[in-house]
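This is what each chain is made of:
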Amino acid sequence: MKAVKSLLLAGIAVAITGSMFITGCGGNGKAGGSDSTDNTLMGAGASFPNPLYSKMFSEYNKATNLKVNYQSIGSGGGIKNLTDKTVDFGASDAPLNGKQDSALSAPAVHIPATAGAVVLSYNLGADFKDTIVLSPAVIAGMFLGEITKWNDPKIAEINKGVKLPAIEVKIVHRADGSGTSNIFTTYLDKVNENWHNKVGKGSSVNWPVGEGSKGNEGVAGSIKQTNGAIGYIELAYAIQNNMAYSKVINKAGNVITPSITSVTAAANIDIPADGKVSLTNTDAPDGYPISGLSWILVYKEQKYNNRSADKASKMIKLIWWMTHEGQQYSAALNYAPLSPKAVAVGEAILKSVTYDGKPVMQ
Amino acid sequence: MNSSIDNPLITRSENLERVINYNAKSEVSVKTKNSIKRSHRQIKTEVVFRRTLSVIGWLMIALVIGILLTLIWQSMPSIKKYGFSYVWTQVWNPTASVVNPEVFGALPFLFGTLLTSFLALLISIPFSLAVAIFLGEYYPEGWFSNLLMNTVELIASIPSVIYGFWGLAVIIPILGKSIMTSSLILAVMIIPYAASLGRSMIRMVPANLKEAAYSLGSTRYEVIRSVIIPYVKSGLFAGVLLSLGRALGETMAVTMVIGNNNSFPKSIFSTGNTLASMIALELPEATDDTHISALVELGLILFVVTVVINLIGRKIISRYSNV
């Protein structure tokens, strides 16, 4: 009897510590709270901008000796860590939604840090590389399973002069939850009524057709191996791996080739003061329509958990540098530099961040 | 120390006893040479050691119960919202749209896990049995036997991501992504467990049983079929059970080759998904509470499935056990 009791107690104790571990700390439990004079900042979140951020942080470290420890655990994880205050800043490919916002103990701000795009990559053999044009209706039709052949009249109509093969359309989508899926489904949700009604937008959705693969590399691998396949991957990944990808007709009716120029153009629209804007289906006439910003997330009031003013100031300086000088590293890594309008909005937001009620930036 | 061996009055048989006594005594006397305190310390050490062992033992049990409780606790929101219908619902839709509400159903993944694992087991059994008999009975020694044994054991120590990669590069171009593909890869991965347990069991079959059969004119095949296999069948089954446990929980390799389709699989050649791979795929980016807890509940189901299969297995083993 005694043994059973002690066993039960031990079980409960382990359960409690275990669950505290799960809900409590994702990274270094000390990071957000340490008062410290130490020269390290902790960040976590989106994996999409990770190569760019890594480059920026390493350059910034050379210039200022500040160390930034960024963990690319995914936007969801970054938001969770920020909510738990285990990191100094979070990073996300999607702005916080209502639920996530209300889970935060204090308001957070979104600073646009870079922009990226999602391209539709396909495998129709070498003859079709860089020739295919797709329209919103065709993309949605394919991913809804309504367009099943590559020589469908709807595709042929916008690809005059291209002899489309009569092979099956094989859809490949991301199997893991991802910011890439979020941008892509947000786009489809905006441009297609049917998609909006049946599927919706999110980082994981219930795909009507197709097979799933993990990560950009998984989707790219499946496309390469399957004749007639089409899937969506990040622009940077597609360029680096020399994948075939389609041009897309944007809102203004122009045929746009995805490139860092057309993504920057997509972001050159009026951005609301809080920085939260979806670039998908952009109004910009020369903008690529399946683009998205990636944000750095920080608490608007930086005095929490015994954080020092010094730390807050170092972090805001870092983010300022990322949105200005740091942008020079974008192009070489196939990220789109921020548009002037996005930089301006970011500046205003950074100036609004406070420490104990006083602006951090002097 | 008084030696009794040299005492001429003691008879031979007594002497033997004395020798044993003498040895036992001297051992103790070496340890207790200095003072009586030593033996207190020895007793203390003994008690502390025994307690440490039992604490560690209880800790293991508490750990497993703790994991189970954590799983139950974390999946509470989903359990409350969907109840038992969670287990047989076929739709997994984390994103609500106008006509399709947010709903979580585990059936496709539960089925996927069971199907891939049992199919893998079916494929692997002939191979693991053959290896076990070959190494246990035909060539228990020699360089080729060592090479084969080490190779088979190496299969167990290769990280699963490498199997996944191998599947992507070699099997998928031929078969495509499907439940069958993941079962094939799983089958390779689990061969060593049944094979090496089976081999040691077969080597432990008493020689007199086999010799008796040979003396009655049995051929080697007949000895294997009617003496060795019946003698070790519970051991072989334990190995198979070990393999099954490995297959049920395998995540990485399966995720890479199964096609990650969240609808109910139509055949073994269609794409599917498993409990473990679903958790690995969606948990990192899940932010909605219901979504997270539905994913944890998948883990709970996997836990329960593993426990149930193990219990059934143990029942079967004890029923057919010769010991």
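Residues numbered from 1 in each chain as written. Chains lettered and ligands numbered in written order. Predicted model: local features only at pLDDT ≥ 70, side-chain atom pairs only at ≥ 80, totals over all residues.

Draft legend 1. View of the overall build of chain A. Looking only at helices and strands, one finds 13 helices and 13 strands in chain A. Burial status across chain A gives 52% buried among its 362 residues. Contacts in chain A between residues at least 24 apart in sequence constitute 73% of all its contacts with a sequence separation of at least 6. (Helix = DSSP H or I, 4+ residues; strand = E, 2+ residues; numbered from the N terminus. Buried ≥ 20, exposed ≤ 12 C-beta atoms within 10 Å, placed from the backbone. Contact = placed C-beta atoms within 7 Å.)

Draft legend 2. Region of interest: the nonpolar core. Ranked by internal contacts, the top residues of the largest apolar core, which has 97 residues, are Val119, Val263 and Ile296 of chain A. The greatest single-element share of this core, amounting to nine residues, is contributed by strand β4 (residues 108-122) of chain A. In terms of domain composition, this core takes at least three residues from each of domain 1 (2-117 + 293-359) and domain 2 (118-291) of chain A. In this view, Ile296 of chain A contacts Phe89, Ala91, Ile111, Ala113 and Ile319 of chain A; residues no more than four positions away in its chain are not counted. Ile172, Ile191, Ala195 and Leu248 of chain B belong to the second-largest nonpolar core, a separate cluster that totals 42 residues. (Core = buried A, V, L, I, M, F, W, Y, C linked by C-beta atoms within 7 Å. Domains from an automatic or database assignment.)

Draft legend 3. Representation of the domain arrangement of chain A in the model. Residue and element names in this part refer to chain A. Taken domain by domain, chain A comprises domain 1 (2-117 + 293-359) and domain 2 (118-291). Residue assignment for the side of domain 1 that touches domain 2 shows that the elements contributing at least two residues are α3 (75-83), β4, β11 (291-299) and α13 (340-352). Among the residues making up the side of domain 1 that touches domain 2, the classes are represented as 20 nonpolar, seven polar and two charged. (Nonpolar A, V, L, I, M, F, W, Y, C, P; charged D, E, K, R; others polar.)

Draft legend 4. Highlighting the environment of Asn268 of chain A. Residues and elements named next belong to chain A. Secondary-structure assignment places Asn268 in the loop between α11 (260-266) and β11. For the pair Asn268 and Lys85, spaced 183 residues apart in the sequence, the C-alpha separation amounts to 33 Å. Those residues within four positions of Asn268 in sequence are excluded, and the remaining contacts are Ala284, Ser339 and Lys341.

Draft legend 5. Representation of the sheet that holds β11 of chain A within the structure. Residues and elements named next belong to chain A. Pairing is mixed in the open sheet, where eight strands are placed in the order β2-β1-β3-β11-β4-β8-β6-β7. Lying at the two open borders of the sheet, with one neighbouring strand each, are β2 (67-71) and β7 (211-213). Here the strands of the sheet are splayed against their neighbours by 25° on average, with no regard to which way each runs. Sheet topology note: the strand β6 (residues 170-174)/β7 ladder contains three bridges and is parallel. Looking across to β7, one finds that Val172 is bridged to Glu211. Together, β1 (40-45), β3 (89-92), β4 and β11 form the strand contacts of α3, whose direction differs from that of β3 by roughly 155°. Sheet strands in contact with α13 are β4 and β11, and its direction is about 150° off that of β4. (Pairing = 2+ DSSP bridges. Axes fitted to C-alpha atoms, helices over the stretch in contact; angles between N-to-C directions.)

Draft legend 6. Summary view of the domain arrangement of chain B. All names here are of chain B. Assigned domains of chain B: these are domain 1 (3-81) and domain 2 (107-320). Taken together, the contacts link 10 residues of domain 1 with nine residues of domain 2. Contributions of two or more residues to the side of domain 1 that touches domain 2 are made by α2 (37-74) and α3 (76-82). Here the side of domain 1 that touches domain 2 gets five residues from one element, more than from any other, and that element is α3. Taken together, the residues that form the side of domain 1 that touches domain 2 break down as six nonpolar, three polar and one charged.

Draft legend 7. The sheet that holds strand β5 (residues 133-134) of chain A, seen in detail. Residues and elements named next belong to chain A. Taking strand neighbours across the sheet as the criterion, the three strands line up as β5-β9-β10 in an open arrangement whose pairing is mixed. The open sheet terminates on both sides in strands that have one partner only, identified here as β5 and β10 (255-256). Relative to β10, strand β9 (residues 247-249) is paired through two bridges, and the arrangement is antiparallel. Bridge pairing in β10 links Val248 to Ile256.

Draft legend 8. Structural detail: the pairing of β4 of chain A. Residue and element names in this part refer to chain A. Within β4, 14 of the 15 residues are buried, leaving the element largely enclosed by the surrounding structure. In the sheet, β4 pairs with β11 via nine bridges, with the strands oriented antiparallel. Within β11, the residue paired with Pro112 across the bridge is Trp295. Relative to strand β8 (residues 229-234), β4 runs antiparallel, the two being bridged by five bridges. Across the sheet, the residue bridging to Ser121 is Gly231, located in β8.

Draft legend 9. Spotlight on the interface of chain A and chain B. Listed per partner, the contact involves 38 residues of chain A and 40 residues of chain B. At the level of elements, α1 (2-23), α3, α4 (98-103), α8 (193-198), β7 and α9 (215-225) of chain A are the ones that each hand at least two residues to the side of chain A that touches chain B. Among the elements that take part in the side of chain A that touches chain B, α1 of chain A stands out by supplying eight residues, more than any other. When its residues are assigned to classes, the side of chain A that touches chain B shows 10 nonpolar, 21 polar and seven charged.

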